[in-house]
Amino acid sequence: MELQTKLAILADAAKYDASCASSGSAKRHAAAGGIGSTTGNGICHSWTPDGRCVSLLKILLTNFCVYDCKYCVNRVTSNIPRARFTVAEVVALTLDFYRRNCIEGLFLSSGIIRSPDYTMEQLVGVARSLRLEHGFKGYIHLKTIPDADPALLAQAGLYADRLSINIELPTVQGLHQLAPEKDSATIHHAMGQLHQHISTSQAERRAAAKTSVISMPQSRSTRAAKPPAFAPGGQSTQMIVGADGADDGDIILTSAKLYTGYGLRRVYYSAFSPIPDSSRDLPLIAPPLVREHRLYQADWLMRFYGFAAQEIVPVGPQGQRMLSLEHDPKLAWALAHRECFPVNLNTAARELLLRVPGLGVQSVQKLLAARRWRMLHRSDLNQLKLPLRKILPFIECVGWSPGRSLDDPMLAAKLVQPMAPQPQQASLF
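Rules of the game
- Note on numbering: residues in each chain are counted from 1, in written sequence order.
- A pLDDT threshold of at least 70 governs which residues receive local features in this predicted model, and a stricter bar of 80 or more applies before side-chain atom pairs are shown or counted, although totals over entire chains, interfaces and linings include all residues.
- As a rule here, side-chain values come from all non-hydrogen atoms in the structure, and water together with hydrogens is ignored.
- Numbering of helices and strands runs from the N terminus; a helix is a DSSP stretch of H or I covering at least four residues, while a strand is a stretch of E covering at least two.
- Three exposure classes are used, based on accessible area relative to the maximum for each residue type with a 1.4 Å probe and protein chains only: buried under 20%, partly exposed in between, and exposed over 50%.
- Here a residue-residue contact requires only that any non-hydrogen atoms of the pair lie within 4.5 Å.
- To be clear on the numbers: accessible area is Shrake-Rupley with a 1.4 Å probe, and residue cover counts the displayed protein chains and nothing else.
- Between any two strands, pairing holds if DSSP finds at least two bridges.
- With strands facing away from the observer, any crossover in which the path from the first strand over the helix to the second runs clockwise is taken as right-handed.
- The length a helix should cover is 1.5 Å for every residue beyond the first.
- Distance thresholds for patches are 9 Å for like charges and 5 Å for nonpolar side chains (Val, Leu, Ile, Met, Phe, Trp, Tyr), applied to residues having over 30% relative accessible area and no salt bridge.
- In what follows, salt bridge is the name for a side-chain nitrogen of Lys or Arg lying within 4 Å of a carboxyl oxygen of Asp or Glu.
- In this tally, Asp and Glu contribute negative charge and Lys and Arg positive charge; neither His nor the terminal groups of the chain are included.
- By convention, charge coordinates are those of NZ in Lys, CZ in Arg, CG in Asp, or CD in Glu.
- We call a set of buried residues a nonpolar core when its members are Ala, Val, Leu, Ile, Met, Phe, Trp, Tyr or Cys and they connect through side-chain atoms within 4.5 Å of each other.
- Classification of ring pairs rests on two measures: the distance between centres of Phe, Tyr or Trp rings, Trp counted by its six-membered ring, which must be within 6.5 Å, and the angle between planes, read as stacked under 30 degrees, edge-to-face over 60 and tilted in between.
- The rule for a charge over a ring is simple: NZ of Lys or CZ of Arg within 6 Å of the ring centre, and within 35 degrees of the ring normal.
- Throughout, an axis means a line fitted to C-alpha atoms (over the contacting stretch in the case of helices), and angles, computed between N-to-C directions, take values from 0 to 180 degrees.
- Our angle categories are set so that under 35 degrees counts as roughly parallel, over 145 as roughly antiparallel, 65 to 115 as roughly perpendicular, and the remainder as oblique.
- Each crossing gets its hand from how the near helix is turned against the far one by less than a right angle, where anticlockwise is left-handed and clockwise is right-handed.
- When residue character is reported, Ala, Val, Leu, Ile, Met, Phe, Trp, Tyr, Cys and Pro are called nonpolar, Asp, Glu, Lys and Arg charged, and the others, Gly included, polar.

Asker: Hey, could you run me through the overall build of the protein in this one?
Answerer: Helices and strands together make up the secondary structure of the protein, namely 15 helices and 12 strands. Expressed as a percentage of its 429 residues, the buried residues of the protein come to 47%. Intrachain contacts of the protein at a sequence separation of at least 6 include 68% that bridge at least 24 residues. In the form shown here, the protein has an accessible surface area of approximately 22100 Å², with 56% of it arising from carbon and sulfur atoms.

Asker: How should I be thinking about the pairing of strand S10 (residues 266-271) in this particular structure?
Answerer: For a regular strand, side-chain orientation follows a simple rule: the groups alternate between the two sheet faces. The buried fraction of S10 amounts to 6 of the 6 residues, a majority that puts the element mostly inside the structure. Neither face of S10 is open: one carries Arg266, Tyr268 and Ser270, the other Val267, Tyr269 and Ala271, and all of them are buried. Taken together, the 6 bridges between strand S9 (residues 235-241) and S10 define a ladder with parallel strand orientation. Bridge pairing in S10 links methionine 239 to tyrosine 269. Each parallel crossover has a hand, and for S9 linked through helix H7 (residues 248-262) to S10 it is right-handed.

Asker: Can you walk me through helix H8 (residues 289-304) in this structure?
Answerer: Since the α-helix advances by 3.6 residues per turn, residues separated by three or four positions end up pointing in the same direction. Spanning 16 residues, H8 covers 23 Å between terminal C-alpha atoms, matching the ideal 22 Å at 1.5 Å per step. Among the residues making up H8, those that are buried are Arg291, Glu292, Arg294, Leu295, Tyr296, Ala298, Asp299, Leu301 and Met302. On its buried face, H8 is in contact with S9, H7, S10, helix H9 (309-312) and helix H10 (329-336). Just downstream of H8, glycine 306 is the residue with a positive phi angle, here 80°.

Asker: So what exactly am I meant to see when it comes to the environment of proline 387 here?
Answerer: If you trace the backbone, proline 387 turns up in the loop between helix H13 (378-383) and helix H14 (388-391). Through-space distance from the C-alpha of proline 387 to that of glycine 358 is 6.1 Å; in sequence the pair is 29 residues apart.

Asker: What am I meant to see in a negative patch on the surface here?
Answerer: Negative charge collects at one region of the surface, where Asp117, Glu121, Asp147, Asp149 and Asp183 lie side by side. Mapped onto the secondary structure, aspartate 117 falls in helix H3 (residues 116-133). Aspartate 117 gets classed as partly exposed once you look at its relative accessible area, which sits at 31%.

Asker: Quick question: what am I supposed to make of the nonpolar core here?
Answerer: Side chains of nonpolar character tend, in soluble globular proteins, to be buried together. Ranked by size, the top nonpolar core spans 113 residues in total, and within it Tyr71, Leu108, Met120, Leu345 and Phe394 carry the most contacts. Filtering out sequence-adjacent residues up to four positions away, tyrosine 71 remains in contact with Glu168, Leu169, Leu175, Leu178, Ala179, Lys182, Ile240, Phe272, Ile275 and Leu282.

Asker: Mind showing me how you'd approach the packing of aromatic side chains here?
Answerer: What describes a pair of aromatic rings is the distance from one ring centre to the other and the angle between the planes of the rings. Under the definition given, this model contains 6 aromatic pairs. Relative to tyrosine 296, the ring of tyrosine 269 lies with its centre 5.2 Å away and its plane at 80°, an arrangement referred to as edge-to-face. A residue pair is termed long-range when its members are at least 10 positions apart, and tyrosine 269 in strand S10 and tyrosine 296 in helix H8 qualify at 27 residues. Across this residue pair, the class does not change: tyrosine 269 and tyrosine 296 are buried. Residues phenylalanine 341 and phenylalanine 394 carry aromatic rings whose centres are separated by 5.2 Å and whose planes lie at 70° to one another, so their mutual orientation is edge-to-face. Residue phenylalanine 341 is located in the loop between H10 and strand S11 (343-344), and its partner phenylalanine 394 is located in the loop between H14 and strand S12 (395-396); the two are separated by 53 residues in the primary sequence. Three or more aromatic residues link up through ring pairs in this structure, and these residues are Phe307, Trp333, Phe341 and Phe394. Here the guanidinium or amino end of arginine 100 rests over the ring plane of phenylalanine 97, the centre of that ring lying 5.0 Å away. Here the guanidinium or amino end of arginine 114 rests over the ring plane of tyrosine 118, the centre of that ring lying 4.2 Å away.

Asker: So what exactly am I meant to see when it comes to the pairing of strand S3 (residues 56-60) here?
Answerer: Within S3, 5 of the 5 residues are buried, which leaves the element mostly enclosed by the surrounding structure. Alignment of S3 against strand S4 (residues 105-109), held across 5 bridges, turns out to be parallel. Among the inter-strand pairings, leucine 57 is bridged to a residue of S4, identified as leucine 106. Remark: the S3/helix H2 (residues 87-99)/S4 crossover connection has right-handed handedness.

Asker: Mind showing me how you'd approach the packing of helix H4 (residues 150-159) against helix H6 (residues 184-210) here?
Answerer: Two measures define how a pair of helices packs: the angle their axes make with one another and the distance between the axes. Where H4 meets H6, the axes come as close as 11 Å, and the angle between the chain directions of the two elements is 45°. The orientation of H4 relative to H6 falls into the category oblique. The crossing of H4 and H6 is right-handed. Residues Pro150, Leu153 and Ala154 of H4 touch H6, and the partners they reach there are Ala190, Gln193, Leu194 and His197. Each residue belonging to the contact of H4 with H6 can be placed in one class, and the counts come to 5 nonpolar, 2 polar and no charged.

Asker: Honestly, unusual backbone geometry in this entry has me stumped. Any pointers?
Answerer: For residues besides glycine, phi is generally negative; the peptide bonds are generally trans as well. In this chain, phenylalanine 341 is followed by proline 342 through a cis amide linkage whose omega measures 5°. Relative to the assigned elements, proline 342 resides in the loop between H10 and S11. Unlike most non-glycine residues, asparagine 101 shows phi in positive territory, near 60°. With respect to the helices and strands, the residue asparagine 101 is situated in the loop between H2 and S4. When its relative accessible area of 37% is taken as the criterion, asparagine 101 is described as partly exposed. A positive phi angle, close to 75°, is found at glutamate 168, a residue other than glycine. Under the relative-accessibility criterion, glutamate 168 is labelled buried at 11%.

The structure is reproduced here in structure tokens:
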């Protein structure tokens, strides 16, 4: 099979992986030799057919797989064209695309071929060859295999900037129903091992940075070489939304446990996409993409705004915990807790300011810095470029009070941004 055909098949097969961000890596560049960098300068971004902007070569090593996960288009019983790269072909493609300024690094995943250990050896072989044989200093993200030998996972972290293990589905019941060959306990155990390796590496590097070594009585103070970094970009995971019966409460609570238990950098949410010849256990239609978007917004509230997982997703009349599709989670919380407002911009603590709809982390920092010098007035809000339409019903300051607008039953409708009309092709006649 020609390399171009393989690339078309395996790049398309990798589009279901959403966890391909390149943040959090250590800064490296080729000034001292080698090729590539992680500084981001001169990177050419590309757009996928569904509108996503990516700057990584995102491919599968192969779309062959011995597993029969019902939600996966690459499952063993799927009737799709199959292809497989060799280690040398992936290395050559990565270097070629980087030299042409098309990518900033490599995102590599794979179906399971022969065994988890064999597949993991191939993935590690690509990263090892790029780093040691070609001096590649660009970004590498490896999707690791939880069933593989722990020694192989430990090797992967020495060459990759970020590692990830897919948790697949939010609940143990969902995984057992749709992917019975995979084990939730094994996945969590592997994530725990990676977390331990990352934590140990960070501690050793911090200790080495504080230790100075004097080689001779009259020599200058020098520092010992730092221990090698282990996956400096941390680890991430991905879960499928809408393939099983898990509600948004299940998803958010699972994410909260992953963040606190394994120190994950990111949890990615991927809306289920119907696949050909699918199982009867799968839904016939995909969930609305806005649901995926709301989950990312809720995830952001947990990570940066101090919200607890339990307070983000309300319990509905039928016991289901679903995020509002009409309002973002922060606005939905504010509308449900109007007794907490208005918030005084001149006296409220940072934690309370972060709960005001329309105020982001940077906006709150601006407010805190500005009020150190004088009381904030209504006219100051324009200069700070705050979204007044959204925040005014929930705040008060010198010269402004929302009055009884918080009691307005139509407040939610007034805060919803009207949708722009869909563009239509004009007639030629």
